[in-house]
Structures are given as C-alpha cells and as structure tokens.
Amino acid sequence: MPREFVQDPVHGCIILEPHECEVINSRAFQRLRKIKQLQSVHLVYPGASHTRFEHSLGAMHIAGYFAENLLEPLVDNGSVKHEERDRYVRLVRLWALLHDVGHGPFSHAFDRAVLQHADTDHEKIGARIMTEDEDLSAIFERTERELGISARDVAISQADKQVQRKIKPIERALLHVLKGAYNADVTDYLLRDSYHAGTPEYGRVSWQRLYLTSSIQDDKVVLEKRSRPALESFYTSRHQMYSTVYYHRTARAADKMIEEILARSRATLLKYIENPKQYLDLDEEALLHDLKRRKGRIGQLVQEYLRRKI
C-alpha cells in the first residue's frame, strides 16, 4: 500500500498513517481550513493568511519527531517496549494533530468574547468534539481496536491538570511535547508564521537541537545544559514574533473590532456551543457572511473590517 503524504512549504513531505488520514478527512478537521492561524494579521502582512489546518499538520510532524527522540533511549534501556514506543508516538501525533480542533472563528478572540462567558475554552470544546463527534468517534473506535488508542486517550491532552495528574508518568512527560517550554505547537507556529509573514529571520529556531538534547526524567522533560543557547534563541525568536507580527498595532486594533463583533453577537453564538455538531458549523467565512447583512452596529463593524477600515 503506497504511503500517504502531504507536501508542506515549511517541513517538506509530511508522512501520514491511515488513521491520521481518516482524522484529517473528517468534517471536524477540514473545518480548520476556514479558520486563520493569525486572526487579523493578514491585514498587515498579506501573506499571513494560512490556517490552523496546515499548522496542525506541522505540529503533528514536529511532535512525532520530538516523541521519537524522547522515547528511543527508553527503548534502548528496556524500560519501554518497541510496541509501546509506537503507540506513544502515534498518540502524541494525534494530540498535536487535534490540539486546535476546538477553536472557534477568530480563535483566541472567540475564546475571550464568547467561550469564557460560558465558562469554557477551545480546549474543553476540543475534548468534547474528539469524544462526541460522530465521525471522530467512529475513527477512534477503530484506533482503539487496532492501535490501543481511544478517544479519551487523545482528549486527555485537552484536559485540565488535575485530570492529567492521573495518567502514567511517561504520558505526563510526553505532554511536554505539546505543552512544554519549547513544544511542537510553538515551534511550528514560529516557523510557519514567520515564513508566511515574510519575516523568516525571526522564526529561525534550532528546534532539532533542542529535541535531540532533551530526555525524560520521571514525569518531566529536561534539556541538556549545552543547549541553553538554543533555548535562549528560541525565546528570542518568540519575542521578536510577538513584538513585530502578533502584536502589531493595526492587527491588534483589528482584533479588538472582531472581539466587539463577537461580543455583540454573543447571545446567538453561545447557542452553537451546546453540542459539537452545531459548533462545527462555525467558521470565519460563514460567520462574517451572516453578520455583514445584519442591521445596526454589528453589520457596520463587519463591513468596516472587510474593507480594512481599522
């Protein structure tokens, strides 16, 4: 059977396993094609119109590389079996692949303007989608039978810390791949966002060195002292991207407009979070198309936003 892969502008060929292809082709994941990675940054940096779809693929690719390098020494010393290593790598890749599946239109602006008023966030919504969406539930029933990975195993990455404390120490350590100080999520968005924004000099991070000199100790991931300069460079890159791209004053002003639009539409939008099927109808394209026809301040704000009258 031929191997499936996608050609990515940042990482080259990203190889996909059959169960990953199924997840990617699900409605829940395909929806991420219609949610921009950087909200309103494209109004300042025209190339930055990429989406959470390709970012999630990149995060999965990096997470797999990180997990493999963390687990290999444990296989060599006999504390982890080969089949256990394979399961853990697949699990970590799924954590990264689906880490953004719960984002609403305009991502963090939607969190602030809508979700926090329902005492939830995109991670909690994401966990519900993983465990309640019909397509994903069917996929994870098969992965549980064939690979020993259930929907609950994947959703644990989106759970709160109290729940995560109950999982195995090695799995808590592997959560650092997605949640740690130099994790796969941040690594991909620094590389990808700087590429699309046209500021590649800010996104140059020695991520392979960081991952090759990391190891698992108990339930934590630690970095060798000799890689401290690489870690400092990582944080410098992150600071440059925040100060220059993410927090550009015009993009931030546009985000404030979006937050006002979402806040004024909150009563309607809160109805969508009642079940995952409704929530998956929400994307930026559909939302703006609907709201721009509204009378009053909401319609006016949307029209101004679309015309870049910030």
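Above this text sits the structure in question.
First, a word on scope: everything that follows refers to the structure included in this document. All residue numbers here refer to positions counted from 1 along the written sequence of the relevant chain. Given that this is a predicted model, residues contribute local features only at a pLDDT of at least 70 and side-chain atom pairs are listed and counted only at 80 or more, while totals for whole chains, interfaces and linings are drawn from all residues. Note that the side-chain values use all heavy atoms of the structure and ignore hydrogens as well as water.

**Notes on the overall build of the chain**
Summing up its helical and strand segments, the chain has 19 helices and four strands in all. The atom set for the radius of gyration is the C-alpha atoms, and the globule formula is 2.2 Å times the number of residues raised to the power 0.38. Against the 2.2 N^0.38 benchmark of 19 Å for 310 residues, the chain shows a C-alpha radius of gyration of 20 Å, consistent with a compact globule. When the backbone C-alpha atoms are referred to their principal axes, the chain occupies close to 65 × 45 × 40 Å. The classification of residues rests on relative accessible area computed with a 1.4 Å probe and restricted to protein chains. Under 20% of the type maximum is buried, over 50% is exposed, and intermediate values are partly exposed. Here the chain, with 310 residues, has 52% of them falling under the buried criterion. Working definition: helices are DSSP H or I runs of at least four residues, strands are E runs of at least two. Numbering for both runs from the N terminus.

**Quick word on the nonpolar core**
Ranked by internal contacts, the top residues of the largest apolar core, which has 98 residues, are Trp95, Val154, Leu174 and Leu262. At twelve residues, helix 3 (residues 52–76) tops the list of elements feeding residues into this core. Here, two residues are considered to be in contact whenever any of their heavy atoms come within 4.5 Å of each other. In this structure Val154 touches Leu91, Leu94, Trp95, Leu98, Met130, Phe140 and Ile149, once residues within four positions along its chain are discounted. Definition of nonpolar core: a set of buried residues of the types Ala, Val, Leu, Ile, Met, Phe, Trp, Tyr and Cys, connected through side-chain atoms within 4.5 Å.

**Let's talk about the pairing of strand 1 (residues 4–8)**
Two strands are said to pair when DSSP picks up at least two bridges between them. Where strand 1 meets strand 2 (residues 12–16), five bridges bridge the pair, whose relative direction is antiparallel. The residue bridging Asp8 from the neighbouring strand is Gly12, located in strand 2.

**Quick notes on helix 7 (residues 134–147)**
To estimate the expected span of a helix, count its residues, drop one, and scale the result by 1.5 Å. For helix 7, spanning 14 residues, the distance from its first C-alpha to its last is 19 Å, which sits close to the expected 20 Å at 1.5 Å a residue. Buried residues of helix 7: Leu136, Ser137, Ile139, Phe140 and Thr143, and no others. Seen end-on, helix 7 carries its buried residues on one side only, within an arc spanning 160°. Away from its buried face, by an angle of more than 90 degrees, helix 7 presents the exposed residues Glu134, Arg145 and Glu146. Along the arc lie the directions from the helix axis toward the C-beta atoms.

**Remarks on unusual backbone geometry**
If you check the backbone angles, Gln39 has positive phi at about 50° while not being a glycine. Looking at where Gln39 falls in the secondary structure, it is placed in the loop between helix 2 (27–30) and helix 3. Look at Gln39 and you get buried, because its relative accessible area is 8%. At Phe106, a position not held by glycine, the phi torsion is positive, near 65°. Within the secondary structure layout, Phe106 lies in the loop between helix 4 (82–97) and helix 5 (107–113).

**Focus: the packing of helix 15 (residues 249–264) against helix 19 (residues 297–306)**
Closest axis-to-axis distance for the helix 15/helix 19 pair is 10 Å, and the angle between their directions is 155°. Accordingly, the angle class assigned to the pair helix 15 and helix 19 is roughly antiparallel. Handedness of the crossing formed by helix 15 with helix 19: left-handed. Judged by residue contacts, Ala254, Met257, Ile258, Glu260, Ile261 and Arg264 of helix 15 engage Arg297, Ile298, Leu301, Val302, Glu304 and Tyr305 from helix 19. Throughout this entry, Asp, Glu, Lys and Arg are counted as charged residues, while Ala, Val, Leu, Ile, Met, Phe, Trp, Tyr, Cys and Pro are counted as nonpolar. The remaining residues, Gly among them, count as polar. When grouped by side-chain class, the residues that make up the contact of helix 15 with helix 19 number eight nonpolar, no polar and four charged. For helices, the axis comes from a line fit to the C-alpha atoms of the stretch in contact; other axes are also lines fit to C-alpha atoms, and the angle between any two N-to-C directions lies between 0 and 180 degrees. Angle categories: roughly parallel below 35 degrees, roughly antiparallel above 145, roughly perpendicular from 65 to 115, and oblique for all the rest. By definition, any crossing whose near helix is turned counterclockwise from its far helix by less than a right angle is left-handed, and any crossing with a clockwise turn is right-handed.

**Focus on the packing of helix 12 (residues 184–197) against helix 14 (residues 228–246)**
Packed helices, taken two at a time, are described by the angle between their axes plus the distance between the axes. Across the interface, helix 12 lies against helix 14 with an axial gap of 11 Å and an inter-helix angle of 45°. In terms of orientation, helix 12 lies oblique with respect to helix 14. Like other packed secondary-structure pairs, helix 12 and helix 14 cross with a definite hand, here left-handed. From helix 12, Val186, Thr187, Tyr189, Leu190, Asp193, Ser194 and Ala197 reach across to helix 14, where they touch Phe234, Ser237, Arg238, Met241, Tyr242, Val245 and Tyr246. Classifying every residue of the contact of helix 12 with helix 14 gives nine nonpolar, three polar and two charged.

**Focus: the pairing of strand 3 (residues 214–217)**
Across the two faces of strand 3 the burial differs, with Ser214 and Ile216 buried and Ser215 and Gln217 not buried at all. Once strand 3 ends, the chain turns through two residues before running back antiparallel as strand 4 (residues 220–223), passing Asp218 with a positive phi of about 60°.

**What about the environment of Ser227?**
Summarising the element assignment, Ser227 is placed in the loop between strand 4 and helix 14. Along the chain, Ser227 and Ala181 lie 46 residues apart, while their C-alpha atoms are 14 Å from each other. If we skip the residues at most four places from it in the chain, Ser227 touches Arg209, Leu210 and Thr213. Under the rule applied, a polar contact is a pair of N or O atoms within 3.5 Å (in protein, one hydrogen donor and one hydrogen acceptor; residues adjacent in sequence only if both atoms are side-chain atoms). Polar contacts involving the side chain of Ser227 include one to the side chain of Thr213, which spans 2.7 Å.

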